[in-house]
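# Coordinate analysis (summary)
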Amino acid sequence: MIKISPKELIDEVPDIQSVALPDNWFRTIDYDITIFKSLYNWMIKEGAVPKEFATQLHNMTYVGEVTYKKLLDAESKRIKKKYNLKEDALKKAVFRLDTGSGPISDIYNCRISGNCILVIPDASRSKLFSVVIKIFERENDKAISKIKNKAAGENFYQWLISQIERPDIIGAFAKEVKLDKEFPRDAEYCESIESYLGVHCHFLDAVEEAWIEYVSQYPQRVNPYAWCNECNQKINVEVAQIAICEEYGGVRVLCDSCVPKVSHRSLFCETPLFQITQEQLQNFTESHGLEGYEIASFIERLKIWGVFPLNETGFIYFIQSEDTRKIKIGYSVNPTDRVKTLQTGHSCPLRLLKIIPGDMKFERALHRKFFKFRVQGEWFEPHPDIIEYISKV
Ligand SMILES: [Zn+2]
């Protein structure tokens, strides 16, 4: 379980009140009322919160794990003495009282560490949750990278099993795979695993993500290949063509024998798959109206096939239309060229606000983060949250 230091909450949550419980407090408690009631009464008496909050304190009081344990132990002792309950009956009674009137000890499965009592008014609660989510993500990332550093294996299956403890979707997928006796343990292609799992499997994103990580670590294990979207065969990259289907607008890869079958209903990219750059692909797909996420997932697929370099680090760019003030958040290997290309398709001037190092995964995370302000595609409202983010990052 992830732990949050009280200091971090005190620093970031507005109007938070820290209450120090004297060492001898537990010796002075009243055996006729619950320990929680004693605590809240004492807090009111100490002036930690206004009197009118008295009945809501169990929703406003947050305690560190040490304090929480002390409170539960004291309550257990009190009930035992007063009602002469034992074992399970005693535990149940404490649990009932705690859930009914005890203070809050975990927030989104994170626990506050140490000995502390914090009072957080309702108005600060949304800020509290955002601080906790931030800490949770940070700690989770730390735990993931620790396990990532130990990733190894002769093949994808072994590599995946080495990641079984990860607190993310790859760890969850590894657990499932370990139990699956039929899993294709010597699969050489990501597609072989995907077709084994089937289109309805909820781990398909995890397969892709894990595969990319695995191949980034051992790039020599994959020779660039492609998969024809028409005949579903593994094909040589040198004979693969990229096309946009006119019927439903999706981008696809075709082998040379399938090209004539669909040529009447597809628009072909002039550059074949093995020669195309990320820049050219982005321009081709965007000029045919493909959405950013579709392009990103297609590029990801090309990385899985070893067509595009896996470890390529590009940039996230933020540009603003001087006319509408809308902001575009995008990914590119060469952002200054990208802005020039975008400018030719725009009648009003575009201003480059910022460029930061990052990959497509990060770009997508940003799109998700600001989804409320999304206008269309990769364009967002110039909301203060986005402006603030750009200025700080
Ligand atoms: Zn084909």
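Because the structure is predicted, anything quoted here is derived from the model rather than measured.

Let's shift gears to the nonpolar core. Soluble globular proteins tend to pack their nonpolar side chains together in the buried interior. Ranked by size, the top nonpolar core spans 72 residues in total, and within it Phe156, Leu160, Phe173, Ile242, Leu273 and Trp305 carry the most contacts. By residue number, the principal contributor to this core is helix α10 (residues 204-217), which donates seven residues. Residues contacting Ile242, with those up to four places away along its chain left out, are Val251, Arg252, Leu267, Phe268, Cys269, Leu273, Ile276, Leu281, Phe284 and Phe298. Judged by nonpolar contacts, the second largest core, of 20 residues, contains Ala48, Val49, Leu57 and Tyr68.

Side chains of Phe315, Leu352 and Ile355 sit close together on the surface and give an oily, nonpolar patch of about 200 Å² of accessible area. Looking at the element boundaries, Ile355 is found in strand β14 (residues 350-358).

What follows deals with the domain arrangement of the chain. Each assigned domain of the chain is listed here: domain 1 (2-123), domain 2 (150-221), domain 3 (223-310) and domain 4 (313-393). The centre of domain 1, based on its C-alpha atoms, is set 46 Å off from the matching centre of domain 4.

Right, let's get into the environment of Lys77. Its location among the elements puts Lys77 in helix α4 (residues 65-83). Relative accessible area serves as the criterion here: at 57%, Lys77 is assigned to the exposed category. Counting along the chain gives 159 residues from Lys77 to Asn236, while the straight-line C-alpha distance between them is 73 Å.

Before going further, it helps to spend a moment on the state of the cysteines. The final tally for this structure, using the stated rule, is zero disulfides. The thiol of Cys201 is unpaired, and the distance to the nearest cysteine sulfur, on Cys190, comes to 12 Å.

We now examine the coordination of the zinc ion. Tetrahedral metal sites with four donors have an ideal angle of 109.5 degrees; octahedral sites with six donors have ideal angles of 90 or 180 degrees. For the zinc ion, the full set of protein donor atoms is Cys228 (SG), Cys231 (SG), Cys255 (SG) and Cys258 (SG), and the range of their distances to it is 2.2 to 2.3 Å. Between the four donor atoms coordinating the zinc ion, the angles at the centre fall across 101 to 117°, so the site counts as tetrahedral. One chain supplies every donor for the zinc ion, spaced along it as C-x2-C-x23-C-x2-C. With Cys228 in the loop between β7 (226-227) and β8 (234-235) and Cys258 in the loop between β10 (251-254) and α11 (259-262), this pair connects stretches of sequence that are 30 residues apart. Just as Cys228 is buried, Cys258 falls in that class too.

Parameters and conventions
Along each chain, residue indices are assigned from 1 in the same order as the chain's sequence is written. Since the coordinates come from a predicted model, pLDDT governs what is reported: local features require at least 70, and pairs of side-chain atoms require 80 or more to be given and counted, while whole-chain, interface and lining totals use all residues. By convention in this description, side-chain values take in all heavy atoms of the structure and omit both hydrogens and water. The nonpolar core is taken to be a set of buried Ala, Val, Leu, Ile, Met, Phe, Trp, Tyr and Cys residues, with the residues joined through side-chain atoms within 4.5 Å. We call a residue buried when its accessible area falls under 20% of the maximum for its residue type, exposed when it is over 50%, and partly exposed in between, using a 1.4 Å probe and counting protein chains only. Starting at the N terminus, helices and strands are each numbered in turn, a helix being any DSSP run of H or I of at least four residues and a strand any DSSP run of E of at least two. Contact between two residues is taken to exist if any of their heavy atoms lie within 4.5 Å; hydrogens are not considered. To count toward a patch, a residue needs a relative accessible area over 30% and no salt bridge; like charges are then connected within 9 Å, while nonpolar side chains (Val, Leu, Ile, Met, Phe, Trp, Tyr) are connected within 5 Å. Per-residue and other accessible areas were derived by the Shrake-Rupley procedure at a 1.4 Å probe size, with only the shown protein chains allowed to occlude residues. A carboxyl oxygen of Asp or Glu within 4 Å of a side-chain nitrogen of Lys or Arg is what we treat as a salt bridge. All domain edges in this entry derive from an automatic or database-based domain assignment. Any cysteine sulfur atom paired with another within 2.5 Å is treated as part of a disulfide. With water omitted from the atoms examined, metal sites may look incomplete; donors here are N, O and S atoms no farther than 2.8 Å from the metal, or 3.2 Å in the case of Na, K and Ca. Each label reflects the angles at the metal, where four donors whose angles all fall between 85 and 135 degrees are tetrahedral, four or six donors whose opposite pairs open beyond 155 degrees and whose other angles stay between 65 and 115 are square planar or octahedral respectively, and the rest are irregular.

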